[in-house]
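Chain and residue survey
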Amino acid sequence: MTDLVEVRPGVYHDSVTLMRVSQALTARPEVAVAVVAMGTDLNAGLARDLGFEVPPTTPGDLLVAIRAATSADLGEAAAELERQLATTGTGGGKARDEAPPRTVRSAARSWEATVALVSVPGEHAFAEALDAVEAGLSVMIFSDNMPVEQEILLKDRARARGVLVMGPDCGTAVVGGAGLGFANVLRPGPVGVVAASGTGAQQVTCLLDLSGVGVSHVLGVGGRDLSAEVGGRSAVQALRALDEDPATELIVLISKPPAPEAARAVRDLGLATPVVAALLGPREDDLTAVAEKALRALGRDVPEWPSWPAREAPARAGRRPLRGLYSGGTLCAEAALITGADTATEAGFVDFGDDAYTRGRAHPMIDPSLRREALRGVTSGVVLLDVVLGHGADPDPSFWLAPEVRDAVARGVDVVVALVGADGDPQGLRAQAARLNEAGAAVFTSNAAAARHARRLADG
């Protein structure tokens, strides 16, 4: 085997692009492994764990590490790398002889836009988002790692300009039927959602969709919006906007446990539209219970949520360890509350979508590599993990997960999957469930039901 390791200072490509380049190179028969990523400590450490000799890097460097069978194969892989990188960022709707807009404000003038989506490294997101707000646009900030002081300034400026800031770290939104970020294919309907939680919103809206109920809008506000520092600034605006929307008959508010002052801010609005709250925490309803409460408020029947039980496993006596390997932070927090698991250490539940794991690399709903490695390290007990479908997510998660499930089951591990998706999602909800179930996993469309099943298995 022959290795190529390069560090290219000051060369930036977004993490999704680099993940796809890495996958394209690894798929070549002559390539054993390829890591093409920004030079964060996490990515450099991953390359070192794979046996590459990686020199010091910074997050502003492009790290290239390729291993191939021969020098000739390595040369072909390196040439393919350059072809892949040269084609990134091409295309678009304007003619080639027209210069593209150089700022968000000029783009807003050119395209008569109303909403901007910002997805750049966190240290650069504030400037782009502020430019959008000053141009009179509402803005969804997909980027994470933005300082809270900048978030507060943006949201105050947006309120003064009469626009909405969704984010930072806003994973999903649906505005006027258009999905942004990680977006499930949801039918239109009477429920409006305000969410300081991306995967929490996806769980509730997908359960509603499975029951035949659609949404008007899903307005993500960022995971910190209901913190003491931010005080529900965007949530208040979003709730008022949905209250004025004639298509919205019921509002669902979703958040991790809010600060008391932020909770008061969103509860004391005197809205005419009924609100069902999903504020995760001890003695609070789980997300599935909230979806069921919303259905009852609309006068709809609550269905039996689809699930696919695993084939009967041998009886295992005694309590066994339970691991949670999650891509969604709210889903992870909900499962930990239900199971009583530890989220403080990697021996308990881990949210691989946390900022610490996404610096310079794609979100785990897109890039499975870290969770795949973690699943391979589970040798006993029960493992619980989420699979989130929809546009923007892994186009075929069962392709990589089913073989890992099969191997884990062969090691004596019980695997439980919370499959969050709608029937219209491009991955195919039922097909994904069938492949994972055939590999030996118990599959649930309710994360709460998956967590309770995993706890029963772990308790013996």
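The share of residues in the protein with pLDDT of 70 or more is 95%, and the mean pLDDT across the chain is 90. Below pLDDT 50 for its whole length, residues 90-96 participates in two contacts with residues either more than four positions away or in separate chains.

Let us now look at the pairing of strand E12 (residues 275-279). Where strand E11 (residues 250-255) and E12 come together, five bridges link them in parallel fashion. Residue pairing for E12: Val-252 is matched across the bridge by Val-276. For the crossover from E11 across helix H9 (residues 260-267) to E12, the handedness is right-handed.

This next bit is on empty space enclosed by the protein. The full count for this structure, using the stated rule, is three cavities of 30 Å³ or more. In this structure, the largest cavity occupies an estimated 70 Å³ of space. Lining the largest cavity are Ser-327, Pro-364, Met-365, Arg-371, Val-387, Val-388, Asp-394, Pro-397 and Trp-400. Elements with a contribution of two residues or more to the lining of the largest cavity: strand E16 (382-388) and helix H14 (397-410). Of the residues in the lining of the largest cavity, the class split is six nonpolar, one polar and two charged. Taken together, Phe-352, Tyr-357, Arg-361, Ala-362, Pro-364, Asp-367, Ser-369, Leu-370 and Arg-371 form the lining of the second largest cavity. In terms of residue count, the dominant contributor to the lining of the second largest cavity is helix H13 (residues 369-376) (three residues).

Moving on, we come to the sheet that holds strand E14 (residues 322-326). Here six strands make up an open sheet; going across it, the order is E13-E18-E17-E16-E14-E15 and the pairing mixed. Whereas interior strands pair on both sides, the edge strands pair on one side only; in this sheet they are strand E13 (307-308) and strand E15 (349-351). Relative to E15, E14 is paired through three bridges, and the arrangement is parallel. Residue pairing in the sheet places Leu-325 in a bridge with Val-350 of E15. Against the sheet, helix H15 (residues 429-438) contacts E13, strand E17 (414-420) and strand E18 (442-444), and its axis sits at roughly 175 degrees relative to E17.

This paragraph deals with the packing of helix H1 (residues 15-26) against helix H3 (residues 71-87). Following both chains from N to C, one finds H1 and H3 inclined at 150 degrees, their axes separated by 10 Å at the closest point. In terms of orientation, H1 lies roughly antiparallel with respect to H3. In this structure, the crossing between H1 and H3 has a hand that is right-handed. Contact residues: H1 offers Leu-18, Val-21, Ala-24 and Leu-25, while H3 offers Ala-77, Glu-80, Leu-81, Gln-84 and Leu-85. Tallied by class, residues from the contact of H1 with H3 come to seven nonpolar, one polar and one charged.

Attention shifts here to H14. Given a rise of 1.5 Å per residue, 14 residues ought to cover 20 Å, and the 20 Å separating the end C-alpha atoms of H14 matches this to within 8%. Turning to H14, its buried residues are Pro-397, Ser-398, Trp-400, Leu-401, Ala-402, Glu-404, Val-405 and Ala-408. Where H14 ends, the next residue or the one after it, Gly-412, has phi of about 95 degrees, a positive value.

Taken together, three strands build an open sheet; the order of strands is E1-E3-E2 and the sheet is antiparallel. Here the strands that pair on one side only, and so sit at the sheet edges, are strand E1 (2-9) and strand E2 (31-38). Geometrically, the sheet is characterised by an average inter-axis angle of 5 degrees between neighbouring strands, direction not taken into account. The pairing of E1 with strand E3 (residues 61-68) spans eight bridges and is classified as antiparallel. If you follow Pro-9 over to E3, its bridge partner there is Asp-61. Docked against the sheet, helix H2 (residues 41-49) engages E2 and E3, running at close to 15 degrees with respect to E3.

Bringing the side chain of Thr-288 into the picture now. When you line up the elements, Thr-288 lands in helix H10 (residues 287-297). Not counting residues up to four positions away in its chain, the partners in contact with Thr-288 are Gln-203, Leu-207, Trp-305, Glu-334, Ser-446, Asn-447 and Ala-448.

Here we come to the nonpolar core. Counting residues in each nonpolar core, the largest one holds 82 residues, and the members touching the most others are Val-252, Ile-254, Leu-384, Val-415 and Val-417. Once residues within four sequence positions are removed from consideration, Val-252 is found in contact with Val-191, Gly-192, Val-193, Val-194, Val-204, Val-276, Val-290 and Ala-294. Ranked by size, the runner-up nonpolar core spans 23 residues in total, among them Met-140, Leu-164, Met-166 and Cys-170.

Rules used throughout
- Residues take numbers from 1 onward in each chain, read along the sequence in its written order.
- Local features in this predicted model are restricted to residues whose pLDDT is 70 or higher, and side-chain atom pairs enter the listing and the counts only when it is 80 or higher, whereas totals over whole chains, interfaces and linings include all residues.
- Hydrogens are left out, water is left out, and the side-chain values use all remaining heavy atoms of the structure.
- The predictor's confidence in any single residue is recorded as pLDDT, a number from 0 to 100.
- Pairs of residues are marked as contacts when any of their non-hydrogen atoms sit within 4.5 Å.
- When DSSP finds two or more bridges between two strands, those strands count as paired.
- In this text, helices come from DSSP runs of H or I with a minimum length of four residues, and strands from runs of E with a minimum of two, each type numbered from the N-terminal end.
- For crossovers, right-handed means that the path from the first strand over the helix to the second runs clockwise, given strands pointing away from the viewer.
- Cavity and pocket criteria rest on a 1 Å grid covering protein atoms alone: a 1.4 Å probe that fits but cannot get out defines a cavity, protein on both sides within 12 Å along at least 5 of 7 lines defines an open pocket, and an atom within 4 Å of a point defines a lining residue.
- Grid points are joined across faces, edges and corners, and a volume is the space filled by probe spheres set on the points.
- Three residue categories are used. Nonpolar comprises Ala, Val, Leu, Ile, Met, Phe, Trp, Tyr, Cys and Pro, charged comprises Asp, Glu, Lys and Arg, and polar comprises the others, including Gly.
- Orientation is described by lines fitted to C-alpha atoms, with helices fitted over the stretch in contact, and by angles between N-to-C directions that extend from 0 to 180 degrees.
- Under this scheme an angle from 65 to 115 degrees is roughly perpendicular, one under 35 degrees roughly parallel, and one over 145 degrees roughly antiparallel; angles in between are oblique.
- Two helices cross in a left-handed way if the nearer one is turned anticlockwise from the farther one by less than a right angle. They cross in a right-handed way if the turn is clockwise.
- A helix is expected to span 1.5 Å for every residue after the first.
- Throughout, exposure labels follow a simple rule: accessible area from a 1.4 Å probe, protein chains only, divided by the maximum for the residue type, with under 20% read as buried, over 50% as exposed, and the rest as partly exposed.
- Among buried residues, those of type Ala, Val, Leu, Ile, Met, Phe, Trp, Tyr and Cys that are joined through side-chain atoms within 4.5 Å constitute a nonpolar core.

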